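Here are the chains, one letter per residue:
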Amino acid sequence: APRPSCINVSNLTLQSAGTDSLTLSWTENNTPAGSAWEVVAVPSGDPAPAVGTSNATTNPYAITSLTANTSYDVYVRADCSTTFVGPISLTTSCAVFTAYPYTTDFTNNVPNACWEEAGSGEIVDGPMTVGSSDWKAGRSYENFAGTATPSNLINLFFNTDREWLLSEQYDMTGISNDVLSIEVAVTDYLFTGASDATDTDIMGSDDQVDLLITTDAGMTWTSLMTWTVANQPAVDGTREFIDLSSYTGTVQFAFFASDGVVNDSEDYDFHVGMFIIDGTAGNEDVLASTLSLYPNPVAGDVVTIRMDGSSASSIEVAVFNTLGQHVMTRSYDQVTNSIQLDNLSSLSKGMYFVKISNGSQEATLKFIKE
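Thresholds, definitions, all that
- Residues numbered from 1 in each chain as written.
- Predicted model: local features only at pLDDT ≥ 70, side-chain atom pairs only at ≥ 80, totals over all residues.
- Heavy atoms only, no water.
- Helix = DSSP H or I, 4+ residues; strand = E, 2+ residues; numbered from the N terminus.
- Buried < 20%, exposed > 50% of the residue type's maximum accessible area, 1.4 Å probe, protein only.
- Contact = heavy atoms within 4.5 Å.
- Areas by Shrake-Rupley, 256 points an atom, 1.4 Å probe, with all protein chains shown as cover.
- Salt bridge = Lys/Arg side-chain N within 4 Å of Asp/Glu carboxyl O.
- Core = buried A, V, L, I, M, F, W, Y, C linked by side-chain atoms within 4.5 Å.
- Pairing = 2+ DSSP bridges.
- Axes fitted to C-alpha atoms, helices over the stretch in contact; angles between N-to-C directions.
- Polar contact = N/O pair within 3.5 Å; in protein donor to acceptor, adjacent residues only side chain to side chain.
- Disulfide = S-S within 2.5 Å.
- Phe/Tyr/Trp six-rings, centres within 6.5 Å; stacked < 30°, edge-to-face > 60°.
- pLDDT = per-residue confidence, 0-100.

1. A word on the overall build of the protein
Assigned secondary structure in the protein consists of 1 helix and 23 strands. Taking all 370 residues of the protein together, 43% fall into the buried category. Restricting to contacts in the protein with at least 6 residues of sequence separation, those with at least 24 account for 69%. Counting every atom, the protein has about 17,200 Å² of accessible surface; 49% of that belongs to carbon and sulfur.

Encoded structure:
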(Lines give C-alpha, C1' and ligand atoms only; values in the text may rest on other atoms or scores of the structure.)
Protein backbone atom coordinates (compact mmCIF):
# COMPACT_ATOMS: atom_id res chain seq x y z
CA ALA A 1 0.00 0.00 0.00
CA PRO A 2 1.28 3.49 -0.71
CA ARG A 3 2.61 5.38 2.26
CA PRO A 4 0.33 8.20 3.50
CA SER A 5 1.49 11.65 2.56
CA CYS A 6 1.15 12.81 6.18
CA ILE A 7 1.68 10.79 9.33
CA ASN A 8 0.48 12.35 12.54
CA VAL A 9 2.51 12.56 15.73
CA SER A 10 2.43 9.89 18.47
CA ASN A 11 3.63 9.24 22.02
CA LEU A 12 2.55 12.50 23.63
CA THR A 13 4.59 12.84 26.84
CA LEU A 14 4.68 15.38 29.67
CA GLN A 15 8.22 16.66 30.18
CA SER A 16 7.51 19.04 33.06
CA ALA A 17 4.69 20.92 34.75
CA GLY A 18 5.01 24.47 36.08
CA THR A 19 2.50 26.62 37.90
CA ASP A 20 1.44 28.28 34.64
CA SER A 21 2.92 26.03 31.97
CA LEU A 22 3.08 22.46 30.66
CA THR A 23 5.98 21.22 28.55
CA LEU A 24 5.14 18.42 26.08
CA SER A 25 7.14 16.23 23.73
CA TRP A 26 6.00 13.81 21.04
CA THR A 27 7.29 11.55 18.31
CA GLU A 28 7.45 13.10 14.83
CA ASN A 29 6.73 10.36 12.29
CA ASN A 30 7.12 12.08 8.92
CA THR A 31 10.10 11.74 6.56
CA PRO A 32 11.49 14.24 6.10
CA ALA A 33 10.58 15.30 9.62
CA GLY A 34 8.11 18.10 10.04
CA SER A 35 9.11 21.31 11.77
CA ALA A 36 5.73 22.78 12.69
CA TRP A 37 2.91 21.49 14.88
CA GLU A 38 -0.23 22.71 16.60
CA VAL A 39 -0.35 22.22 20.37
CA VAL A 40 -3.55 23.12 22.25
CA ALA A 41 -4.58 22.89 25.93
CA VAL A 42 -8.25 23.17 26.91
CA PRO A 43 -9.81 22.91 30.39
CA SER A 44 -10.28 19.28 31.31
CA GLY A 45 -13.54 17.94 29.89
CA ASP A 46 -13.98 20.67 27.27
CA PRO A 47 -14.54 19.64 23.64
CA ALA A 48 -11.59 18.96 21.39
CA PRO A 49 -10.38 22.06 19.55
CA ALA A 50 -10.99 22.82 15.91
CA VAL A 51 -7.85 22.68 13.82
CA GLY A 52 -6.31 26.12 13.71
CA THR A 53 -2.88 27.52 12.97
CA SER A 54 0.38 25.81 13.85
CA ASN A 55 1.94 27.44 16.89
CA ALA A 56 4.91 25.22 17.73
CA THR A 57 8.25 25.02 15.96
CA THR A 58 10.14 23.14 18.67
CA ASN A 59 9.72 19.69 20.17
CA PRO A 60 9.48 19.69 23.25
CA TYR A 61 7.15 22.69 23.43
CA ALA A 62 5.95 24.72 26.44
CA ILE A 63 2.30 25.79 26.67
CA THR A 64 2.23 28.97 28.76
CA SER A 65 -0.27 31.35 30.43
CA LEU A 66 -2.09 28.51 32.20
CA THR A 67 -3.63 28.52 35.70
CA ALA A 68 -1.90 26.90 38.70
CA ASN A 69 -3.25 23.60 40.06
CA THR A 70 -5.63 23.15 37.11
CA SER A 71 -6.28 20.11 34.91
CA TYR A 72 -6.08 20.44 31.14
CA ASP A 73 -6.66 18.18 28.14
CA VAL A 74 -3.77 18.60 25.71
CA TYR A 75 -3.90 17.87 21.95
CA VAL A 76 -1.13 17.88 19.32
CA ARG A 77 -1.20 17.49 15.53
CA ALA A 78 1.38 17.55 12.79
CA ASP A 79 1.21 20.66 10.63
CA CYS A 80 0.22 18.54 7.65
CA SER A 81 -2.66 16.81 9.49
CA THR A 82 -6.27 17.90 9.92
CA THR A 83 -6.89 15.84 13.07
CA PHE A 84 -5.51 15.99 16.58
CA VAL A 85 -3.80 13.28 18.60
CA GLY A 86 -4.96 13.17 22.22
CA PRO A 87 -6.06 14.24 24.60
CA ILE A 88 -3.72 13.50 27.45
CA SER A 89 -4.88 14.95 30.76
CA LEU A 90 -2.27 17.00 32.60
CA THR A 91 -2.31 19.24 35.67
CA THR A 92 -0.24 22.34 36.34
CA SER A 93 1.67 22.41 39.61
CA CYS A 94 0.61 24.40 42.65
CA ALA A 95 1.71 27.96 43.24
CA VAL A 96 3.63 28.69 46.44
CA PHE A 97 1.12 29.70 49.13
CA THR A 98 1.33 33.33 50.30
CA ALA A 99 -2.11 34.37 51.68
CA TYR A 100 -2.15 33.63 55.42
CA PRO A 101 -3.57 32.27 57.64
CA TYR A 102 -3.45 28.86 55.98
CA THR A 103 -5.84 26.16 57.20
CA THR A 104 -6.66 22.59 56.26
CA ASP A 105 -8.68 20.33 58.52
CA PHE A 106 -8.43 17.29 56.18
CA THR A 107 -12.14 17.30 55.36
CA ASN A 108 -10.81 17.11 51.81
CA ASN A 109 -8.16 14.47 52.12
CA VAL A 110 -4.81 13.86 50.49
CA PRO A 111 -3.99 13.43 47.73
CA ASN A 112 -5.96 16.53 46.83
CA ALA A 113 -5.23 20.08 45.82
CA CYS A 114 -1.56 20.66 46.58
CA TRP A 115 -0.81 17.95 49.15
CA GLU A 116 0.87 14.75 48.00
CA GLU A 117 1.96 11.33 49.24
CA ALA A 118 5.00 9.12 48.81
CA GLY A 119 5.36 5.46 49.70
CA SER A 120 9.07 5.08 50.37
CA GLY A 121 12.31 6.85 51.27
CA GLU A 122 14.06 7.44 54.58
CA ILE A 123 14.42 10.96 55.98
CA VAL A 124 18.00 11.20 54.64
CA ASP A 125 16.78 10.19 51.16
CA GLY A 126 13.62 12.27 50.97
CA PRO A 127 10.31 10.99 49.56
CA MET A 128 10.40 8.40 46.80
CA THR A 129 7.57 7.09 44.60
CA VAL A 130 5.58 10.31 44.96
CA GLY A 131 1.90 9.81 44.15
CA SER A 132 0.90 6.88 46.32
CA SER A 133 1.38 5.68 49.89
CA ASP A 134 -0.35 3.91 52.76
CA TRP A 135 -1.67 7.18 54.23
CA LYS A 136 -5.46 6.78 54.12
CA ALA A 137 -8.05 9.44 53.34
CA GLY A 138 -11.58 9.90 54.61
CA ARG A 139 -10.93 8.82 58.22
CA SER A 140 -11.60 10.49 61.57
CA TYR A 141 -11.13 10.26 65.33
CA GLU A 142 -13.22 11.55 68.22
CA ASN A 143 -11.62 14.67 69.67
CA PHE A 144 -11.64 16.03 73.22
CA ALA A 145 -15.00 17.72 72.58
CA GLY A 146 -16.59 14.43 71.56
CA THR A 147 -16.95 15.33 67.88
CA ALA A 148 -15.52 13.55 64.87
CA THR A 149 -12.35 15.17 63.50
CA PRO A 150 -11.65 14.40 59.80
CA SER A 151 -8.13 13.05 59.42
CA ASN A 152 -5.54 11.44 57.23
CA LEU A 153 -4.07 8.37 58.92
CA ILE A 154 -1.36 5.78 58.62
CA ASN A 155 -1.79 2.28 60.04
CA LEU A 156 1.48 1.07 61.58
CA PHE A 157 1.71 -2.65 62.32
CA PHE A 158 4.62 -4.40 60.57
CA ASN A 159 8.19 -3.17 59.97
CA THR A 160 8.12 -2.07 56.34
CA ASP A 161 6.33 1.30 56.21
CA ARG A 162 8.25 4.42 55.25
CA GLU A 163 5.34 6.68 54.33
CA TRP A 164 5.26 10.42 53.51
CA LEU A 165 2.41 12.92 53.74
CA LEU A 166 3.63 16.05 51.94
CA SER A 167 2.23 19.56 52.31
CA GLU A 168 2.18 22.21 49.64
CA GLN A 169 4.88 24.92 49.64
CA TYR A 170 4.69 28.17 51.63
CA ASP A 171 6.49 31.49 51.24
CA MET A 172 7.52 32.69 54.71
CA THR A 173 9.19 35.91 53.49
CA GLY A 174 7.97 39.02 55.31
CA ILE A 175 5.84 37.01 57.73
CA SER A 176 5.92 37.54 61.48
CA ASN A 177 4.10 35.83 64.36
CA ASP A 178 4.02 32.68 62.26
CA VAL A 179 3.07 29.52 64.13
CA LEU A 180 2.32 26.05 62.80
CA SER A 181 -0.56 24.47 64.71
CA ILE A 182 -1.26 20.76 64.28
CA GLU A 183 -3.38 18.12 65.94
CA VAL A 184 -2.42 14.45 65.92
CA ALA A 185 -3.96 11.38 67.56
CA VAL A 186 -3.26 7.68 68.04
CA THR A 187 -6.14 5.19 68.09
CA ASP A 188 -6.39 1.45 67.85
CA TYR A 189 -6.71 0.14 64.29
CA LEU A 190 -10.07 1.21 62.84
CA PHE A 191 -11.12 2.63 66.22
CA THR A 192 -12.34 6.23 66.19
CA GLY A 193 -14.04 6.68 69.57
CA ALA A 194 -12.75 8.10 72.84
CA SER A 195 -10.47 5.96 75.00
CA ASP A 196 -12.00 3.05 76.91
CA ALA A 197 -10.85 -0.13 78.64
CA THR A 198 -10.37 -1.98 75.35
CA ASP A 199 -8.52 0.85 73.59
CA THR A 200 -4.79 0.36 74.12
CA ASP A 201 -3.52 2.87 71.52
CA ILE A 202 0.16 2.02 72.02
CA MET A 203 2.84 2.79 69.42
CA GLY A 204 5.40 0.08 68.65
CA SER A 205 8.79 -0.04 70.36
CA ASP A 206 10.74 1.58 67.50
CA ASP A 207 7.87 3.17 65.58
CA GLN A 208 8.31 6.86 64.84
CA VAL A 209 6.39 9.69 63.18
CA ASP A 210 8.23 12.93 62.38
CA LEU A 211 7.02 16.37 61.38
CA LEU A 212 9.66 17.51 58.88
CA ILE A 213 10.52 20.75 57.09
CA THR A 214 12.61 21.44 53.99
CA THR A 215 14.00 24.82 52.99
CA ASP A 216 15.79 23.64 49.84
CA ALA A 217 12.98 22.12 47.75
CA GLY A 218 13.31 18.67 49.27
CA MET A 219 17.06 18.21 49.03
CA THR A 220 17.29 17.90 52.83
CA TRP A 221 14.67 17.44 55.54
CA THR A 222 14.87 18.49 59.21
CA SER A 223 12.68 17.13 61.99
CA LEU A 224 10.65 19.71 63.91
CA MET A 225 8.91 17.17 66.15
CA THR A 226 9.07 13.42 66.72
CA TRP A 227 6.41 11.14 68.23
CA THR A 228 7.29 7.73 69.66
CA VAL A 229 5.78 5.46 72.31
CA ALA A 230 7.44 7.74 74.90
CA ASN A 231 5.44 10.83 73.92
CA GLN A 232 2.72 9.53 71.67
CA PRO A 233 -0.41 11.65 71.01
CA ALA A 234 -3.62 11.15 72.97
CA VAL A 235 -6.48 9.08 71.58
CA ASP A 236 -8.66 12.21 71.43
CA GLY A 237 -5.96 14.40 69.90
CA THR A 238 -2.89 16.32 71.01
CA ARG A 239 -2.27 19.85 69.71
CA GLU A 240 1.23 21.13 69.09
CA PHE A 241 2.35 24.68 68.29
CA ILE A 242 5.65 25.16 66.42
CA ASP A 243 7.35 28.54 66.11
CA LEU A 244 8.26 29.24 62.47
CA SER A 245 9.57 32.78 62.96
CA SER A 246 13.16 31.80 62.10
CA TYR A 247 12.21 30.63 58.60
CA THR A 248 12.21 32.80 55.49
CA GLY A 249 11.78 31.94 51.84
CA THR A 250 9.93 28.88 50.58
CA VAL A 251 9.38 25.90 52.89
CA GLN A 252 7.50 22.62 52.72
CA PHE A 253 6.41 20.23 55.46
CA ALA A 254 5.94 16.48 55.66
CA PHE A 255 4.70 13.86 58.09
CA PHE A 256 7.02 10.86 57.83
CA ALA A 257 5.82 7.59 59.39
CA SER A 258 8.15 4.65 59.99
CA ASP A 259 7.37 1.41 61.82
CA GLY A 260 11.08 0.75 62.33
CA VAL A 261 12.83 -2.58 61.98
CA VAL A 262 11.07 -4.41 64.83
CA ASN A 263 7.86 -6.18 63.84
CA ASP A 264 5.88 -5.19 66.94
CA SER A 265 2.47 -6.62 67.76
CA GLU A 266 0.92 -3.17 68.27
CA ASP A 267 -1.65 -2.36 65.58
CA TYR A 268 -2.77 1.27 65.60
CA ASP A 269 -3.64 4.30 63.47
CA PHE A 270 -1.73 7.59 63.62
CA HIS A 271 -4.01 10.49 62.62
CA VAL A 272 -3.26 14.01 61.37
CA GLY A 273 -6.40 16.09 61.91
CA MET A 274 -5.36 19.75 61.76
CA PHE A 275 -2.67 21.78 60.01
CA ILE A 276 -2.68 25.58 60.32
CA ILE A 277 -0.09 28.25 59.59
CA ASP A 278 -0.93 31.60 61.14
CA GLY A 279 1.13 34.20 59.34
CA THR A 280 0.57 37.88 60.17
CA ALA A 281 2.19 40.32 57.78
CA GLY A 282 5.16 42.06 59.33
CA ASN A 283 4.12 45.54 58.16
CA GLU A 284 0.91 45.87 60.19
CA ASP A 285 -0.27 49.35 61.05
CA VAL A 286 0.67 51.42 64.09
CA LEU A 287 -2.17 50.01 66.21
CA ALA A 288 -0.55 46.56 66.24
CA SER A 289 2.64 47.91 67.79
CA THR A 290 0.71 49.17 70.85
CA LEU A 291 -1.09 45.90 71.61
CA SER A 292 -0.30 42.88 73.74
CA LEU A 293 -2.42 40.07 75.12
CA TYR A 294 -2.09 38.03 78.32
CA PRO A 295 -2.20 35.42 79.72
CA ASN A 296 -1.43 33.32 76.69
CA PRO A 297 -2.20 30.43 76.69
CA VAL A 298 -5.53 31.16 78.44
CA ALA A 299 -6.55 28.64 81.07
CA GLY A 300 -9.33 30.68 82.69
CA ASP A 301 -12.24 32.83 81.61
CA VAL A 302 -10.60 36.21 80.93
CA VAL A 303 -7.83 37.58 78.74
CA THR A 304 -6.48 41.15 78.97
CA ILE A 305 -5.57 43.20 75.90
CA ARG A 306 -3.17 46.06 76.68
CA MET A 307 -3.00 49.20 74.54
CA ASP A 308 0.29 50.77 75.57
CA GLY A 309 0.35 54.52 74.94
CA SER A 310 -2.95 54.43 73.12
CA SER A 311 -6.57 55.26 73.85
CA ALA A 312 -9.76 55.28 71.80
CA SER A 313 -13.35 56.40 72.14
CA SER A 314 -14.48 52.93 71.10
CA ILE A 315 -12.94 49.55 70.38
CA GLU A 316 -14.55 46.54 68.73
CA VAL A 317 -13.09 43.08 69.32
CA ALA A 318 -14.07 40.09 67.15
CA VAL A 319 -12.88 36.55 67.86
CA PHE A 320 -12.55 33.91 65.14
CA ASN A 321 -11.59 30.25 65.32
CA THR A 322 -9.06 28.66 62.96
CA LEU A 323 -11.80 27.77 60.47
CA GLY A 324 -12.61 31.46 60.10
CA GLN A 325 -15.89 31.17 62.03
CA HIS A 326 -16.95 34.24 64.03
CA VAL A 327 -17.40 33.05 67.64
CA MET A 328 -17.54 36.25 69.72
CA THR A 329 -17.82 40.06 69.47
CA ARG A 330 -17.33 42.69 72.18
CA SER A 331 -17.60 46.51 72.03
CA TYR A 332 -15.89 48.88 74.49
CA ASP A 333 -16.37 52.64 74.99
CA GLN A 334 -13.73 55.15 76.14
CA VAL A 335 -10.86 52.67 76.26
CA THR A 336 -7.65 53.64 78.05
CA ASN A 337 -4.66 51.31 78.48
CA SER A 338 -6.46 47.94 78.53
CA ILE A 339 -9.64 45.98 77.97
CA GLN A 340 -10.75 42.60 79.29
CA LEU A 341 -12.27 39.92 77.07
CA ASP A 342 -14.32 37.58 79.26
CA ASN A 343 -16.60 34.53 79.03
CA LEU A 344 -13.85 32.51 77.36
CA SER A 345 -14.69 29.34 79.28
CA SER A 346 -17.34 28.59 76.65
CA LEU A 347 -14.67 28.25 73.95
CA SER A 348 -13.19 24.89 73.00
CA LYS A 349 -9.45 24.25 73.29
CA GLY A 350 -7.39 25.58 70.43
CA MET A 351 -6.07 28.71 68.76
CA TYR A 352 -8.18 31.85 68.17
CA PHE A 353 -7.64 35.09 66.25
CA VAL A 354 -8.64 38.39 67.88
CA LYS A 355 -9.38 41.21 65.43
CA ILE A 356 -9.23 44.63 67.12
CA SER A 357 -10.55 47.80 65.48
CA ASN A 358 -10.57 51.40 66.72
CA GLY A 359 -12.55 52.73 63.77
CA SER A 360 -9.59 53.77 61.64
CA GLN A 361 -7.07 50.97 62.19
CA GLU A 362 -7.20 47.22 62.62
CA ALA A 363 -4.80 44.65 64.08
CA THR A 364 -4.94 40.95 64.81
CA LEU A 365 -3.63 39.06 67.84
CA LYS A 366 -3.99 35.42 68.67
CA PHE A 367 -4.31 33.32 71.80
CA ILE A 368 -4.45 29.65 72.67
CA LYS A 369 -7.34 28.41 74.82
CA GLU A 370 -6.32 25.53 77.08
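2. Things to note about the pattern of salt bridges
A complete count under the given rule lists 4 salt bridges for this structure. With a shortest N-O distance of 2.7 Å, Arg 162 and Glu 122 are connected by a salt bridge. Of the two residues, Arg 162 is situated in strand 12 (residues 162-171) and Glu 122 in the loop between strand 8 (116-120) and strand 9 (128-130); the sequence distance between them amounts to 40 residues. Arg 162 sits in the buried class, given a relative accessible area of 14%. For Glu 122, a relative accessible area of 33% corresponds to the partly exposed category. When salt bridges with common partners are traced through the structure, they connect Glu 122, Arg 162 and Asp 259 into a single cluster.

3. A closer look at the nonpolar core
Judged by nonpolar contacts, the single largest core of 34 residues is most densely connected at Tyr 170, Phe 253, Phe 255, Phe 275 and Ile 277. Within the residue set of this core, elements represented by two or more residues are strand 11 (148-156), strand 12, strand 13 (175-188), strand 14 (208-214), strand 15 (222-227), strand 17 (250-258) and strand 18 (268-281). For Ile 277, the contacting residues outside a window of four places in its chain are Tyr 100, Pro 101, Tyr 102, Tyr 170, Met 172, Val 179, Leu 180, Leu 244 and Phe 253. In this structure, Val 303, Val 317, Tyr 332 and Leu 365 belong to the second largest nonpolar core, which totals 22 residues.

4. Things to note about the sheet that holds strand 3 (residues 37-43)
In space, the 3 strands of this open sheet follow the order 3-5-6, with antiparallel pairing throughout. The two strands at the open ends of the sheet, each matched to only one other strand, are strand 3 and strand 6 (85-91). Neighbour-to-neighbour, the strand axes of the sheet open up by a mean angle of 25°, direction not taken into account. In this sheet, strand 5 (residues 71-78) lies alongside strand 3 in antiparallel orientation, the contact comprising 7 bridges. For Pro 43, the partnering residue across the bridge sits in strand 5 and is Tyr 72.

5. Side note on the environment of Glu 117
Residue position: Glu 117 is located in strand 8. Classification of Glu 117 by relative accessible area gives buried; the value is 5%. Within polar-contact distance, the side chain of Glu 117 engages the side chain of Ser 133 at 3.1 Å.

6. Side note on the state of the cysteines
Here the structure, examined in full by the defined rule, presents 2 disulfides. Across the disulfide from Cys 6 sits Cys 80; the S-S distance is 1.9 Å. Across the S-S bond of Cys 6 and Cys 80 the torsion is about 75°, and the bridge reads as right-handed. With Cys 6 in the segment before strand 1 (10-17) and Cys 80 in the loop between strand 5 and strand 6, the pair connects residues that are 74 residues apart, well separated along the chain.

7. Here's the deal with the packing of aromatic side chains
Under the defined criterion, the tally for this structure stands at 18 aromatic pairs. Pairing Phe 157 with Phe 158 gives two aromatic rings, centres 4.6 Å apart and planes at 50°, and the pair type is tilted. Looking at Phe 157, the relative accessible area reads 29%, which means it is partly exposed. A residue is classified by how much of its surface remains accessible, and Phe 158, at 46% relative accessible area, is partly exposed. Ring pairing ties together the aromatic residues Phe 97, Tyr 100, Tyr 102, Phe 106, Trp 115, Tyr 170, Phe 253, Phe 255 and Phe 275, which thus form one cluster.

8. Things to note about unusual backbone geometry
Most peptide bonds adopt trans geometry, and most residues besides glycine take a negative phi value. With an omega of 10°, the peptide bond between Asn 59 and Pro 60 qualifies as cis. Checked against the element boundaries, Pro 60 lands in the loop between strand 3 and strand 4 (61-63). Residue Pro 87 is bonded to the preceding Gly 86 through a cis peptide linkage, with omega at 5°. When you line up the elements, Pro 87 lands in strand 6.

9. Comments concerning the environment of Glu 163
Position of Glu 163 relative to the elements: it lies in strand 12. Ignoring sequence-local partners within four residues, the contact set of Glu 163 consists of Ala 118, Gly 119, Ser 133, Asp 134, Trp 135, Ile 154, Phe 255, Phe 256 and Ala 257. From its side chain, Glu 163 meets the backbone nitrogen of Asp 134 in a polar contact 2.9 Å long.

10. Examining the sheet that holds strand 8
If you walk across this open sheet you meet the 6 strands as 9-8-12-17-14-15, and the pairing is antiparallel. Edge strands, defined here as strands with exactly one partner in the open sheet, are strand 9 and strand 15. Pairwise comparison of adjacent strand axes, ignoring direction, gives a mean angle of 25° for this sheet.

11. Points about the confidence of the model for the protein
In the predicted model, the protein carries a mean pLDDT of 84, and 86% of its residues have values of at least 70. In the model of the protein, helix 1 (residues 286-289) stands out as the element of lowest mean pLDDT, 52, in contrast to strand 14, which has the highest, 97.

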